[in-house]
Structures are given as C-alpha cells and as structure tokens.
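Breakdown of the fold
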Amino acid sequence: MIIDCHGHYTTAPGSLEEYRKRQIAGLKGTAAVLTAARPAISDDQIRDSLQNAQLKMQRERGTDLTIFSPRAGGMGHHIGDATTSRHWSETCNELIHRVCTLYPDNFAGVCQLPQTPGVCPDNCITELERCVKELGFIGCNLNPDPSGGYWTDPPLTDRWWYPLYEKMAELDVPAMVHVSASCNPNFHFTGAHYINADTTAFMQFLTSDLFRDFPTLKFVIPHGGGAVPYHWGRYRGIAQDMGRPPLKELLLNNVFFDTCVYHRPGIELLLKVIPADNILFASEMVGAVRGVDPETGHHYDDTRRYIDAVDWLGAEDRQKIFQGNARMVYSRLGARRAAGTTSAKT
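Residues numbered from 1 in each chain as written. Predicted model: local features only at pLDDT ≥ 70, side-chain atom pairs only at ≥ 80, totals over all residues. Heavy atoms only, no water.

Summing up its helical and strand segments, the protein has 15 helices and eleven strands in all. Whereas a compact globule of 346 residues would reach a radius of gyration of roughly 20 Å, the protein reaches 19 Å, a difference of no more than 12%. The buried share of the protein, taken over its 346 residues, is 53%. By sequence separation, contacts in the protein at least 24 residues apart represent 78% of the contacts at least 6 residues apart. Charge separation in the protein, taken as the distance between the mean sites of 34 positive and 39 negative side-chain charges, equals 2 Å. (Helix = DSSP H or I, 4+ residues; strand = E, 2+ residues; numbered from the N terminus. Rg over C-alpha atoms; globule rule 2.2 N^0.38 Å. Buried < 20%, exposed > 50% of the residue type's maximum accessible area, 1.4 Å probe, protein only. Contact = heavy atoms within 4.5 Å. Lys, Arg positive; Asp, Glu negative; His and termini not counted. Charge placed at Lys NZ, Arg CZ, Asp CG, Glu CD.)

Structure representation (structure tokens):
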C-alpha cells in the first residue's frame, strides 16, 4: 500500500469558492458574513470533481490512499476575524468529510484550523476536537503565520500555542505545518512563502525545548522540509554552537518530512540526508505544480516515480516511506480504516 500524506481539495466544486466570495463581501457590510448560506454541493458534484483529478491520478500513479485536507492556499486565515475563519473552516472541513465518506478507501481527512492573526490558538480546539471525534479526521494543518507573510504571531514554540498542543497530544493527532496564501508581495506563496515557512518552523523547533514539554507531539514539515535537508550541515552546526543536543536526539522523534520535491536529484538528497524513519511519501497532487517536465515527459508531482528510480533504497526503508511512517505519525489512520471497513460490510 502507498499512502500519500499530503493532498488538498484543489478541485472542489465552484460553489465553494462562490460561498467564500459571498462571505468576504459580507465583511464590507453588516452581518451578512454571519448569515451567508453554506454552499449547496451534491454528492455527484463531489464525485465529478475527483474522478478525473485525484482519483484518476491515484489509479495512474499506483497510489492508494491520500491524507486529504482543504486547499492550503485557500485557508486565508488573514481574512476577516475569528468568526469568519470559524465558519469558513467548518464549511471546508465538512466538505472533506463528505469526500472521505464517499471514498473511504481513497481519502482520510485532515482539518483546517480556524486560526486568526492575534487570536490565541486555543480557539481552534473546538473545531479540532469536532473533526477528530465526530468526523473521523486523523490530523490537522497548522499555519505558523496566519497573517499571510508578515509573521505577527509568536513562534510555534511559544507557550501561546500550548493549549492547542495539549489537545493535539490528548487526541494523538499530528499537525502538518502549512501556511496559506501570501499577502506580502515579496513572497510568492508556493515558491517562496511555503518554503520559507517550512524552514522557519524547523529552526524554531531547533532552538526550543518544545518536545521536552510535549514528548509525543508530532509535526510533518512539507515540501521536503523546505531548505532544511540541503543545509543539514548548517543546522547541525548551529545546534552544536548553541550547545543543543544533536538533531537526531533533539528533533527526530517528533519532526518528519514529506517527499513533495519535484525532481529526482532533490528526492535523492532528501533520502541521503534525512533518516528513512523520518520521511513520509507525498505528492501534493493536484497542487502547486501541475505541469509535465519536458526533460522527463512526466508530471513534476509524480513523486513515486522518483523514489522508485532510486535503486540503492532498501526494501525496508522503502516500505517505511511509502506507508509505515504515515501509519506511525497518523496513528488514528488504522482505527479509522478499520471502522470504515466494518461500516462497509454492514
């Protein structure tokens, strides 16, 4: 089995975006944002949105299950206030739940959190708990910069975040560290803001004792870990100069990296630098890079092809990357799939 730990519903029916536009328009008026009708989306519309996109690519590329969340660039935590974010997050998460209900063998849900700049993250606990306990989700996406490129909230290691971490630890769910769109014109959102955030989160973890306080907390840093694997020696040296423990001891029981790296040399570097125990297979399809690489004739985001081509990767490590590590990090996945199998048989 091959588990893709990083997928977003980028092909959601258009009425979802229409709802968002009405919600945003309501911010300029009175209470329209509070009363905007949720989008009416049929099961057939959901099926149509997936059949020639994510499901088709799963079949063609030989992957089995995608850990699926709302579109990252659309989270838009900088828009409106906490109420805006709550309504938008609930709507997006409920749509992911419907996808997972229609296709329980193909998708497992991860939730968008209703974050807002300057609002303590404990306001996300209710939605996280609802998604995990009621909707069967197995994790969340955590935005380290709800401001959209201006970094106005405390670092991920600040006690500001601790109430949310306490609930994550209690529920035994990980977070993928994932920013949303960039409002800062200096940072293109998928080409710069995403990679900056991945790298920044790792550095924040390196300089803190977060995992002494939360030894079971788990984070997935996407997009191959940003600049981290390429500069692994720099980070080892910084930790050493600061008198910190070696990175393996300090971080690698809690921090993991995905394989959303869109060329084979980058994948090989990731596999050589980061221990196989800390790598989860991912493609982010249909996502940030959708074209065909003219040098290979294959889609850039067909990341399984790159891993399959690495002939020096042993069978045991390959199994960890393709499914074993995902099952360990997203520990609720096994229980969810068992429940889905039981439900399908009854």
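The sheet built from three strands is open, its strands ordered 1-2-3 with parallel pairing. The sheet is open, and its two borders are formed by strand 1 (3–9) and strand 3 (107–109), each paired with just one other strand. Each neighbouring strand pair of the sheet contributes to a mean axis angle of 35°, computed without reference to strand direction. By the bridge criterion, three bridges tie strand 2 (residues 65–70) to strand 3 in an arrangement that is parallel. Its bridge partner being in strand 3, Phe68 is matched across the sheet by Gly109. (Pairing = 2+ DSSP bridges. Axes fitted to C-alpha atoms, helices over the stretch in contact; angles between N-to-C directions.)

Quick look at the state of the cysteines now. Summed over all chains, the structure comprises zero disulfides. Free cysteine: Cys111, not disulfide-bonded; nearest cysteine sulfur from Cys131 at 4.2 Å. In this structure Cys111 comes out as buried when scored by relative accessible area, which is 0%. (Disulfide = S-S within 2.5 Å.)

As a further point, take the sheet that holds strand 5 (residues 140–142). Backbone-to-backbone hydrogen bonds pair the strands of a sheet. The strands run either parallel or antiparallel. Taken in spatial order, the six strands make up an open sheet running 4-5-6-7-8-9, and their pairing is parallel. Whereas interior strands pair on both sides, the edge strands pair on one side only; in this sheet they are strand 4 (111–112) and strand 9 (279–280). Bridging between strand 5 and strand 6 (residues 175–177) involves three bridges; their strand directions are parallel. Pairing of Leu142 across the sheet is with Val177, part of strand 6. Across the sheet, helix 8 (residues 189–206) lies against strand 6, strand 7 (219–221) and strand 8 (255–258), angled at about 135° from strand 7, the strand it touches most.

Turning to the pairing of strand 1, a few remarks are in order. In terms of residue burial, strand 1 counts as a mostly covered element, since seven of its seven residues are buried. Pairing geometry for strand 1 and strand 2, over five bridges, is parallel. Opposite Asp4, over in strand 2, you have Thr66 as the bridge partner.

With that settled, consider helix 8. A rise of 1.5 Å per residue sets the reference length of helix 8, with its 18 residues, at 26 Å; its end C-alpha atoms lie 24 Å apart and thus fit the reference within 8%. Buried within helix 8 we find Ala192, His193, Tyr194, Ala197, Asp198, Thr199, Ala201, Phe202, Gln204, Phe205 and Leu206. Where helix 8 is buried, its residues meet strand 6, helix 9 (210–213), strand 7, helix 10 (232–241), helix 11 (247–250) and strand 8. (Expected span 1.5 Å × (residues − 1).)

Another point: the packing of helix 3 (residues 43–51) against helix 5 (residues 82–102). Close contact between helix 3 and helix 5 brings their axes to 11 Å; oriented N to C, the two are set at 80°. The angle between helix 3 and helix 5 falls in the class roughly perpendicular. Only Leu95, Arg98, Val99 and Leu102 of helix 5 make contact with helix 3, whose side of the interface consists of Asp43, Ile46, Arg47 and Leu50. Its residues assigned to classes, the contact of helix 3 with helix 5 shows five nonpolar, no polar and three charged. (Parallel < 35°, antiparallel > 145°, perpendicular 65-115°, else oblique. Nonpolar A, V, L, I, M, F, W, Y, C, P; charged D, E, K, R; others polar.)

A separate point is the confidence of the model for the protein. Residues with a pLDDT of 70 or more make up 95% of the protein, whose mean pLDDT is 94. In this model residues 341–346 is a low-confidence stretch, pLDDT under 50, and it forms zero contacts with partners more than four residues away in sequence or in other chains. (pLDDT = per-residue confidence, 0-100.)

Under the counting rule described, the total for this entry stands at 16 aromatic pairs. Relative to Tyr165, the ring of Tyr162 has its centre 6.2 Å away and its plane inclined at 45°; by these criteria the two rings are tilted. One end of the pair, Tyr162, and the other, Tyr165, are both in helix 7 (residues 162–171), three residues apart, so they sit about a helical turn from each other. Per residue, the accessibility class of Tyr162 equals that of Tyr165, and both read buried. An aromatic cluster is built from Tyr162, Tyr165, Phe205, Phe211, Phe214 and Phe219, whose rings are joined through pairwise contacts. (Phe/Tyr/Trp six-rings, centres within 6.5 Å; stacked < 30°, edge-to-face > 60°.)

All of the buried residues in helix 10 are Trp232, Tyr235 and Ala239. Take helix 10 and look down its axis: the buried residues cluster within an arc of 65°, on one side only. Along helix 10, exposed side chains directed more than 90 degrees from the buried face belong to Arg234, Gln240 and Asp241. For helix 10, the elements touching its buried residues are helix 8, helix 11, strand 8 and helix 12 (264–273). Once helix 10 ends, the next one or two residues include Gly243, with phi positive near 75°. (Arc of directions from axis to C-beta.)

Turning next to the environment of Lys167. By the secondary structure assignment, Lys167 is in helix 7. For Lys167, a relative accessible area of 12% translates into the label buried. C-alpha separation for the pair Lys167 and Asp311, spaced 144 residues apart in sequence, amounts to 41 Å. Apart from the residues lying within four places of it in its own chain, the contact partners of Lys167 are Ile125, Leu128 and Glu129.

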